Amino acid sequence: MAKILKFGGSSVATPENIKKVKAIVEQSADNKFVVVSALGGVTDQLVKAGSLAAAGNEAFKKELEEIEQRHLNAAKALVKPQQQGHVLSGLKVLLNELEDYLQSMSRLQEHTPKLQDYVLSFGERMSAFLVSEVIDDAVLLDTRNIIKTDSAFGKAQVDFEKTKICAGAILSNIKGRAVLPGFIASDGNGATTTLGRGGSDYTAAILAAAIGASEVEIWTDVDGFMTADPRKVDKAYPIKRLSYLEVFELSNFGAKVIYPPTVHPLLPANISMRIKNTFNPSAEGTLVNACADRASGQSVKGISSIDDIALLTLHGVGMAGILGISKRLFGALAEAKVNVALISQASSEQSITFAIVPEDVAQARQAIERAFEIEITHQTIGLKIEHDMSVIAIVGENMKRMPGISGKLFHALGKNGVNVVAIAQGSSELNISTVVRKPDLRKALNVIHEAFFLVEYKEIFLYIAGIGTVGSHLMEQIRQQRDDLMKRHGLKINLVGALNSRKMLFNEQGIGLDGVKETLERDGAPLDLQGFLHHLASLNLRNSIFVDCTAATEVADIYENVLQAFVSVVTANKIACSGPYESYRKLQGLSRTRGVKFLYETNVGAGLPLIKTINELVLSGDKITRLEAVLSGTLNFIFNTISQEIPLSRAIEMAKEKGYAEPDPRVDLSGTDVLRKILILSRECGYPLEKADIEIIPFLPPACFDTPGIDGFFDELRKLDAAFEAQRKALYAAGKRWRFVASLHNGKAAIGLQEVDSAHPFFHLQGTDNIITLYTERYNAQPMVIAGAGAGAAVTAAGLFGDIIRIANI
C-alpha cells in the first residue's frame, strides 16, 4: 500500500533542507506520494505581493524579485549543471505567469479571494516542481486535478466523493514516487482554490483517505507532538502516542504541529499518522491513530494554548429563564462570521462567556448590539469585553471518569497565583480549558506541566536580599549542594535576583553563584525597592522564594507586597515578626490566603528547629505553659568567657573580634535581640504580646548605654570589671554560673541575667550555643529540651537553606 509523506515549509526552506527531504524519501523503494508546502516564508511574501499589486503599489515587484531569486538559487544549488537548464526554464515559466497575473491585478487594482488563491498557488506549485526534479525517479502531479472543492475561495470545502473518483483515476496508475503541491485544489469550474493556511497537512490526509493509504507521515521541524509548547515550557518532551481526538483538541487549542482539519479524513478511514522531524529523522516521533493510549497510564497527554484571545461576556437579569438567548447570540456571531473558540455559561443563566480572536471583537460587538438592541437599551443585558487573555487546554482521553484532575489543575494554578477567569469542560471529559491573563500564560503552562508530567526536576527561583556574611554562606551552601539536589532529589535552584544596600540585579536565566558580589557591583542597577517589587511581579516566575538575609527594616517592610505577588518569604530578619502584633498576624494570614509560605525559623536559634517544634505542638492540640531559653549566642559566649584572667570588658571585646557581637555591642548587651526572640516565641505559643509587655531586667547601668561612641562605652565597662569579677568569684564559689535567660510563664514574658546551678539544664551550655526548655500540658513533669549552635553565619544560612527546601518539597 502507498504511503503519503508531507513536508512543511521549514523542511523545504533551504537547499540543504531539501537534500534532507530527498534522503528521507529515497531511503526505501516503497510507493510514495510526497506532498510539499511552499518554501518557508514564500506564502507570506505572495500575500504581500498580491496586496501591493492590487493597491497599485510597484513595490510588489521587489517581493516578486526576491521570490524568483530564492527559487532560482535553490535550483542551482540542488541540480547538476547539465540539468539546470530544464529546471530553471520550468521555474521561469511559473514565475512569468505569476508576474503577468500580478501586473494584471495592479492595472485593475482588484483583489478578490479568487485572485488571492491563484496567486498563493504558485508557492506550492514551484516548490513541488523543484522537489520533483531533485528526488530520483519522481513524477510531478497537480493536486488541482485530484482534490475537488466548492468555490469558497480562501478556505474551500472538499467534495470527498469527487475527490475519491479523481484520485482513483490518477493515482492508481502511479508506480514509485510522485510529488504533489499541498494546500491547493480546484472547484467544479476548474478555478484554483485553497484549503486554508496550513492546508498542506490536510492535502496529505485527503489523498490518504481517497486511496486508502497505509499511513501518513507529517514531516516538520519538531520531534512530534510535545507535552507543551517548548518555546514556553523548557521541560516539554515528545509524546509517543496520541489518539485522533486528542490531536484534534490539541491542534484546535493552539498546538501548531498540524492543521486541525487534517484529522477529519483520517479518523473514519482508520489511517494512522506519524509526526516526524526532518532534521532528526531517527527520532521516534508521535504515532496518531484512532485508539487512546491506555497503557501509558497518563491521564493528561498534552497541554496547548492560544496566546491571545478576547473574552466576551453577555450578562444581565434579562437573560435568566428566557428561551432563545443562546440561539440569538451565537446566530448573530455566525452571521458575522465570528468563530468562537470557547464557551462557558453560568448555571444561573445570567451570563454566557465566550472567547474569540481579538481581530473579531469589533464585528462581534456590532453583531451582539444589533441582536440585543432592546435589552441593551433597557439595561437588562450588557456586554463585557476583556482583552489580553489566553486559553490553556489540558487534553487526554484517559481523563474520562478520573477523579481529581480538575482539583490538581486548579491547585497548581492557585498556589502559584494564577487566577482562572473562565472554565469550560465538555461531558466527554477529553478537554478542560481555562482562561487566564496573558501575562500569566508562561507561568501557568509551566506549573501545569510540572503537576501532570513526570519531569526530570523541579525548578525553584530565588531572590536573595543581602549578600554579606549570611547571604554569602547561603549561596555557597547552595552551590556545594546543587548537583546532589539535582541528582538525588530532582530539585534545581536558580538564583534570579539579588540585592544589597546599594544595588539590585535580575537575570531570569540565572545568576551564577560564584562571584555574586562582584556581578552585582558590576552589572547591578541602583537599588529601588519599589522597582525591585515591580520587576519581581513582572517576571511572574513559578515556585518563587524571596530570602531576606538582612536586618534592614526597609526590606522587612516589603514582605506584604512580596506575598501579595504569590512569592514565598524565608527570612532571618526578626523585624517583621517582632513588630506590632497585628502586622505579624497580617503577614501570616496573607501567606495562607495566597497559598504561599512565610517561614522565619532562623529568627530564633539560627538553625535550631525551635519555631517548627512549637508550631507542631500547638497544631497537635498541646498548650505551652512555660518556656525558658538562652537565646543569645553572643551573651552566652561573654558569660562563658569571663574568668579571673578575662574581665567583662575584655570578654565583650573578644565577642566583637570574633564577629559574635554587633559592631556596637550595646545592641546585644541591651537585650534588644533577645527581647525580639522571646516576643516571637511567645506569639508562636499563642500569646498576642507586644514589646511593651516584656519585662527587661538590665545587667549594665544606664551610663554604659548613654555614653556616646564605642570608646566611651568601653571606658564605662572597664569601671565595672572589678565589681563583676567579685560577683563572679562568689558565684563560682557557690557552684553557679550566669545565663541571660528569656522566660515565658502563663503569658508573661521577661528577659534578664540569672544565676543557675549545676542541676539546671543551662549550666553546661557551651560557647555560643542556645537552649530552650518547653513545658506543656503534655510535657509537664520533664520539659522538652532543644539545644545546639544558635549563632553564626554558617548555621543561620543552613537554617535558611532548610526553609527553602521545605517550601520546595511542598
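Shown above is the structure to which this text applies.
Draft legend 1. Broad picture of the overall build of the protein. When helices and strands are tallied, the protein shows 29 helices and 29 strands. Against the globule reference of 28 Å for 810 residues, the protein gives a C-alpha radius of gyration of 37 Å, more extended than a compact globule. Considered along the principal axes of its C-alpha atoms, the protein spans approximately 115 × 70 × 55 Å. Split into buried and exposed, the 810 residues of the protein put 55% on the buried side.

Draft legend 2. Local environment of the environment of asparagine 280. Along the chain, asparagine 280 falls in the loop between strand E9 (272–277) and strand E10 (286–289). For asparagine 280, a relative accessible area of 28% translates into the label partly exposed. As a C-alpha pair, asparagine 280 and aspartate 223 span 57 residues in sequence and 7.1 Å in three-dimensional space.

Draft legend 3. Layout of the nonpolar core. Tyr463, Phe532, Phe546, Leu627, Ile638 and Leu700 are the most contacted members of the largest nonpolar core, which totals 85 residues. With 6 residues, the single largest contributor to this core is helix H25 (residues 672–684). Look past the residues within four positions of phenylalanine 532 in its chain and what remains in contact with it is Tyr463, Leu499, Met504, Phe506, Phe546 and Ile558. In this structure, Ile147, Ile174, Tyr244 and Ala422 belong to the second largest nonpolar core, which totals 54 residues.

Draft legend 4. How the structure looks around the pattern of salt bridges. As enumerated under the stated definition, the model contains 42 salt bridges in all. Aspartate 201 is the partner of lysine 6 in a salt bridge, and the nearest nitrogen-oxygen pair spans 2.8 Å. One end of the pair, lysine 6, is in strand E1 (residues 3–7); the other, aspartate 201, is in helix H7 (residues 199–211), and 195 residues separate them in sequence. Judged on exposure class, the residue lysine 6 and its partner aspartate 201 are both buried. Between arginine 479 and aspartate 514 there is a salt bridge, and its shortest N-O distance comes to 3.5 Å. Of this pair, arginine 479 sits in helix H15 (residues 469–489) while aspartate 514 sits in the loop between strand E19 (503–506) and helix H16 (516–523); the two residues are 35 residues apart in sequence, bridging distant segments of the chain. We classify arginine 479 as partly exposed; its relative accessible area is 31%. Overall, aspartate 514 belongs to the exposed group, its relative accessible area being 57%. Because the salt bridges share partners, they merge into one network encompassing Arg650, Glu653, Glu657, Asp715 and Arg718.

Draft legend 5. Spatial organisation of the packing of aromatic side chains. Scanning the model with the defined rule gives 20 aromatic pairs in all. Measuring from centroid to centroid gives 5.2 Å for phenylalanine 713 and phenylalanine 714, while their planes differ by 65°, and the two rings are edge-to-face. Following the ring pairs from residue to residue traces out a cluster consisting of Tyr463, Phe506, Phe532, Phe546, Tyr559, Phe598 and Tyr600. Positioned above the aromatic ring of tyrosine 584, the side-chain terminus of arginine 683 is 5.3 Å from the ring centre.

Draft legend 6. Spatial organisation of the side chain of arginine 728. Within the secondary structure, arginine 728 sits in helix H28 (residues 721–733). By relative accessible area, which is 15% here, arginine 728 ends up buried. Setting aside its immediate chain neighbours within four residues, arginine 728 contacts Ile642, Ser643, Gln644 and Trp738.

Draft legend 7. Structural context of the packing of helix H2 (residues 42–54) against helix H5 (residues 113–134). Put simply, H2 and H5 touch, their axes get as near as 9 Å, and they point 150° apart. Here H2 is positioned roughly antiparallel relative to H5, judged by the angle of their axes. The element H2 and its partner H5 pack so that their crossing is right-handed. For the pair H2 and H5, contact is made by Val42, Thr43, Leu46 and Val47 and by Gln116, Val119, Leu120, Phe122, Gly123 and Glu124, respectively.

Draft legend 8. Highlighting the side chain of threonine 641. Within the secondary structure, threonine 641 sits in helix H22 (residues 633–641). Exposure remark for threonine 641: the relative accessible area of 14% places this residue in the buried category. Only 2.5 Å separates the side chain of threonine 641 from the backbone oxygen of phenylalanine 637, close enough to count as a polar contact. Non-local contacts of threonine 641, meaning those with residues more than four positions away in its chain, are made with Ile646, Ala651 and Met654.

Draft legend 9. Local environment of the layout of surface pockets. Taken as a whole, the second largest pocket spans an internal volume of roughly 1200 Å³. In terms of lining, the second largest pocket is formed by 46 residues, of which the most central are Val470, Cys549, Ala551, Lys574 and Glu662. Those elements that provide at least two residues to the lining of the second largest pocket are H15, helix H18 (553–556), H22, helix H24 (666–669), H25 and helix H29 (793–808). Residues that form the lining of the second largest pocket fall into these classes: 19 nonpolar, 18 polar and 9 charged.

Draft legend 10. Layout of the sheet that holds strand E25 (residues 695–697). The strand order across the open sheet formed by 6 strands is E25-E27-E26-E24-E28-E29, and the pairing between neighbours is mixed. The sheet is open, and its two borders are formed by E25 and strand E29 (784–789), each paired with just one other strand. Taken pair by pair, the neighbouring strands of this sheet meet at an average axis angle of 25°, ignoring direction. With 4 bridges joining them, strand E24 (residues 624–630) and strand E26 (residues 736–745) adopt antiparallel strand pairing. Paired with alanine 629 across the two strands is alanine 742, which belongs to E26. H22 contacts E24, E26, strand E27 (748–757) and strand E28 (769–776) of the sheet and is inclined by roughly 155° relative to E26. Packed onto the sheet, H28 meets E26 and E27 and runs at close to 90° relative to E26.

Draft legend 11. Highlighting empty space enclosed by the protein. All told, the structure shown has 1 cavity of 30 Å³ or more when counted by the stated rule. Lining the largest cavity are Leu462, Ile464, Ile478, Ile493, Asn494, Leu495 and Leu513. Those elements giving two or more residues to the lining of the largest cavity turn out to be strand E17 (458–465) and strand E18 (491–499). For the lining of the largest cavity, the leading source of residues is E18, giving 3 residues. Of the residues in the lining of the largest cavity, the class split is 6 nonpolar, 1 polar and no charged.

Draft legend 12. Here's a closer look at the pairing of E19. Pairing of E18 with E19, which is carried by 3 bridges, proceeds in the antiparallel orientation. Bridging across to E19, glycine 497 finds its partner in phenylalanine 506. In sequence, E18 turns back onto E19 through a hairpin of 3 residues. Inspection of the sheet shows E19 paired to strand E20 (residues 525–526) by 2 bridges, in the antiparallel sense. Bridge pairing links methionine 504 to alanine 525 in E20.

Calculation notes
- Residues numbered from 1 in each chain as written.
- Predicted model: local features only at pLDDT ≥ 70, side-chain atom pairs only at ≥ 80, totals over all residues.
- Heavy atoms only, no water.
- Helix = DSSP H or I, 4+ residues; strand = E, 2+ residues; numbered from the N terminus.
- Rg over C-alpha atoms; globule rule 2.2 N^0.38 Å.
- Buried < 20%, exposed > 50% of the residue type's maximum accessible area, 1.4 Å probe, protein only.
- Core = buried A, V, L, I, M, F, W, Y, C linked by side-chain atoms within 4.5 Å.
- Contact = heavy atoms within 4.5 Å.
- Salt bridge = Lys/Arg side-chain N within 4 Å of Asp/Glu carboxyl O.
- Phe/Tyr/Trp six-rings, centres within 6.5 Å; stacked < 30°, edge-to-face > 60°.
- Lys NZ or Arg CZ within 6 Å of the ring centre and 35° of its normal.
- Axes fitted to C-alpha atoms, helices over the stretch in contact; angles between N-to-C directions.
- Parallel < 35°, antiparallel > 145°, perpendicular 65-115°, else oblique.
- Left-handed = near helix turned anticlockwise from the far one by under 90°.
- Polar contact = N/O pair within 3.5 Å; in protein donor to acceptor, adjacent residues only side chain to side chain.
- 1 Å grid on protein atoms, 1.4 Å probe; cavity = no way out; pocket = protein on both sides within 12 Å on 5 of 7 lines; lining within 4 Å.
- Points joined across faces, edges and corners; volume = space filled by probe spheres on them.
- Nonpolar A, V, L, I, M, F, W, Y, C, P; charged D, E, K, R; others polar.
- Pairing = 2+ DSSP bridges.

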